[in-house]
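Descriptive analysis of the structure
The residues making up each chain are set out below.
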Amino acid sequence: MIDQKDKILDIKNLSCKYGQIIALSDINLEIYKGEIVSLIGANGAGKTTLLRAISDLKSIQEGQIFFENQDITKLGSHKRVGLGIAQVPEGRGLFTDLTVQENLKLGAYIRSDDKQIDDLEYIYTKFPILKEKKDDYAGTLSGGQQQMVAVGRALMSKPKLLLLDEPSMGLAPIIVEDIFDVIKELQSLGVTIFIVEQNAHLALKTSNRTYVLENGKIVLNGDSKQLLDDTRIKDAYLGI
Ligand SMILES: Nc1ncnc2c1ncn2[C@@H]1O[C@H](COP(=O)(O)OP(=O)(O)OP(=O)(O)O)[C@@H](O)[C@H]1O
Ligand SMILES: [Mg+2]
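Residues numbered from 1 in each chain as written. Chains lettered and ligands numbered in written order. Predicted model: local features only at pLDDT ≥ 70, side-chain atom pairs only at ≥ 80, totals over all residues. Heavy atoms only, no water.

1. Overview of the overall build of the protein
Helices and strands together make up the secondary structure of the protein, namely 10 helices and 10 strands. By principal-axis analysis of the C-alpha atoms, the protein measures approximately 45 × 40 × 40 Å. The buried share of the protein, reckoned over its 240 residues, is 49%. Within the protein, contacts between residues separated by at least 24 positions form 67% of all contacts whose residues are at least 6 apart in sequence. Surface exposure of the protein reaches about 11,600 Å², of which carbon and sulfur atoms provide 49%. Averaged over its 29 positive side-chain charges, the protein has a centre that lies 3 Å from the centre of its 33 negative ones. (Helix = DSSP H or I, 4+ residues; strand = E, 2+ residues; numbered from the N terminus. Buried < 20%, exposed > 50% of the residue type's maximum accessible area, 1.4 Å probe, protein only. Contact = heavy atoms within 4.5 Å. Areas by Shrake-Rupley, 256 points an atom, 1.4 Å probe, with all protein chains shown as cover. Lys, Arg positive; Asp, Glu negative; His and termini not counted. Charge placed at Lys NZ, Arg CZ, Asp CG, Glu CD.)

The following block contains the structure:
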């Protein structure tokens, strides 16, 4: 069960700009340990900016970010990875001229423990095709296989909070299913997930709670199952 007292991420009054353009304004958002939380919104709403701000890949103008009750607002991206925040970026961000296994191992760069081989094996068990292709250049893989590498690489940092930016983008439904099966299994293993998803139906079906972002502002949030029946969501995002 999800304990509402057990907050893993707490974002307070966050604002973010690109030059004079306001990308996010006064964002308040909280995520509890063990949840899958999704973030939906139209193109340009600010979803990627928010994920990047959580990882310090984008600087913020105002607000605070707490991770496990620690103020991380001024911590750099590497330190945040070290605390347990990993990101699967939009567009995957693989090193296409490194092999699959080299890409996966890069995800473990902050670790000093000796369990990395076990985690590599876990990823190969979940995505057997990656084991077959472990010595191939990542750039030669299909889109779906590259997404598996991107997810695997993030897992190699042993995250407590996994941020996923549009993992289903451009993938065949059957591959999307594989990726989402792993996401659900990760939840059962104790990883908390924050997922940006353009497929609102999939996002609402998979997650416990959902936030809706419009023009850089959170306009709605709540239990995902209830939002599936909400006319505002149906009209704007589900096309029914
Ligand atoms: N590097 C940048 N420089 C200037 N403006 C940017 C930059 N990146 C994003 N923006 C602007 O910030 C706003 C939010 O962009 P963001 O990429 O966060 O949206 P998004 O919700 O992820 O969209 P998408 O669904 O297309 O991925 C948009 O208006 C976008 O044009
Ligand atoms: Mg985006």
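2. Structural notes on the coordination of the magnesium ion (ligand 2)
Donor atoms from the polypeptide that bind the magnesium ion (ligand 2) are Thr48 (OG1) and Glu90 (OE), placed at 2.0 to 2.5 Å. In this pair, Thr48 is assigned in helix α1 (residues 47-54) and Glu90 in the loop between β6 (85-88) and α3 (100-106), connecting sequence segments 42 residues apart. (Donors = N, O, S within 2.8 Å, 3.2 Å for Na, K, Ca; no water.)

3. Re the domain arrangement of the protein
When cut into domains, the protein gives domain 1 (7-84 + 159-238) and domain 2 (96-153). A straight line from the C-alpha centre of domain 1 to that of domain 2 covers 24 Å. Contacts between the two partners involve 14 residues from domain 1, matched on the other side by 10 residues from domain 2. Looking at the side of domain 1 facing domain 2, the largest losses of area belong to Ile179, Val182 and Glu185, adding up to 37% of the total buried there. At the junction of domain 1 with domain 2, the criterion picks out 1 salt bridge. (Domains from an automatic or database assignment. Buried area = accessible area lost by both parts, 1.4 Å probe. Salt bridge = Lys/Arg side-chain N within 4 Å of Asp/Glu carboxyl O.)

4. Focus on the site of ligand 1
The local shell around ligand 1 consists of Tyr18, Ala23, Ala42, Asn43, Gly44, Ala45, Gly46, Lys47, Thr48, Thr49, Glu90 and Glu166. Between ligand 1 and Gly44, the relevant distance is 2.8 Å, taken from an oxygen atom to a main-chain nitrogen or oxygen of the residue. Between ligand 1 and Thr48, the relevant distance is 2.8 Å, taken from an oxygen atom to a side-chain nitrogen or oxygen of the residue. The protein chains hide 60% of the 640 Å² of surface that ligand 1 would expose on its own. Looking at the shell around ligand 1, the element that brings in the most residues is α1, giving 3 residues. When grouped by side-chain class, the residues that make up the shell around ligand 1 number 4 nonpolar, 5 polar and 3 charged. (Near = heavy atom within 4 Å. Polar contact = N/O pair within 3.5 Å; in protein donor to acceptor, adjacent residues only side chain to side chain. Nonpolar A, V, L, I, M, F, W, Y, C, P; charged D, E, K, R; others polar.)

5. Some details on the nonpolar core
Grouped together as the largest cluster of nonpolar side chains are 34 residues, with contacts concentrated most on Leu104, Leu130, Leu162, Leu164, Ile183 and Ile193. Contributing elements (two or more residues each) for this core: β6, α3, α4 (116-126), α6 (143-155), β7 (161-165), α7 (173-188) and β8 (192-196). If sequence neighbours within four positions are ignored, Leu162 has contacts with Ala86, Val88, Ala154, Leu155, Leu186, Val191, Thr192, Ile193 and Phe194. Of all hydrophobic cores here, the second largest spans 26 residues; its members include Leu14, Ile27, Leu39 and Ile54. (Core = buried A, V, L, I, M, F, W, Y, C linked by side-chain atoms within 4.5 Å.)

6. Side note on unusual backbone geometry
Within the chain, Asn13 stands out as a residue other than glycine whose phi angle is a positive 50°. Looking at where Asn13 falls in the secondary structure, it is placed in strand β1 (residues 7-18). Phi angles above zero are rare outside glycine, and Asn69 is one such case at about 70°. In this structure, Asn69 sits in the loop between β4 (62-67) and β5 (70-71). Taking relative accessible area as the criterion, Asn69 reaches 67% and is therefore assigned exposed.

7. Description of α4
What α4 keeps buried is the set Asp119, Leu120, Ile123 and Tyr124. Along the long axis of α4, the arc covered by the buried residues comes to 140°, so they all point the same way. Those residues of α4 that are buried are in contact with α3, α5 (128-132) and α6. (Arc of directions from axis to C-beta.)

8. Considerations on the environment of Leu162
Along the chain, Leu162 turns up in strand β7. In sequence terms Leu162 and Gly91 are 71 residues apart; their C-alpha atoms lie 16 Å from each other.

9. With respect to the sheet that holds strand β10 (residues 217-223)
An order of β6-β7-β8-β3-β9-β10 is seen for the 6 strands of this open sheet, with the pairing classed as mixed. The sheet terminates laterally at β6 and β10, the two strands that pair on one side only. The sheet shows a mean angle of 15° between the axes of neighbouring strands, direction not considered. For strand β3 (residues 36-40) and β8, the ladder comprises 4 bridges, and the chain directions are parallel. Within β8, the position partnered with Ile36 by the bridge is Ile193. Running over the sheet, α6 touches β6 and β7 and is turned about 170° from β6. (Pairing = 2+ DSSP bridges. Axes fitted to C-alpha atoms, helices over the stretch in contact; angles between N-to-C directions.)

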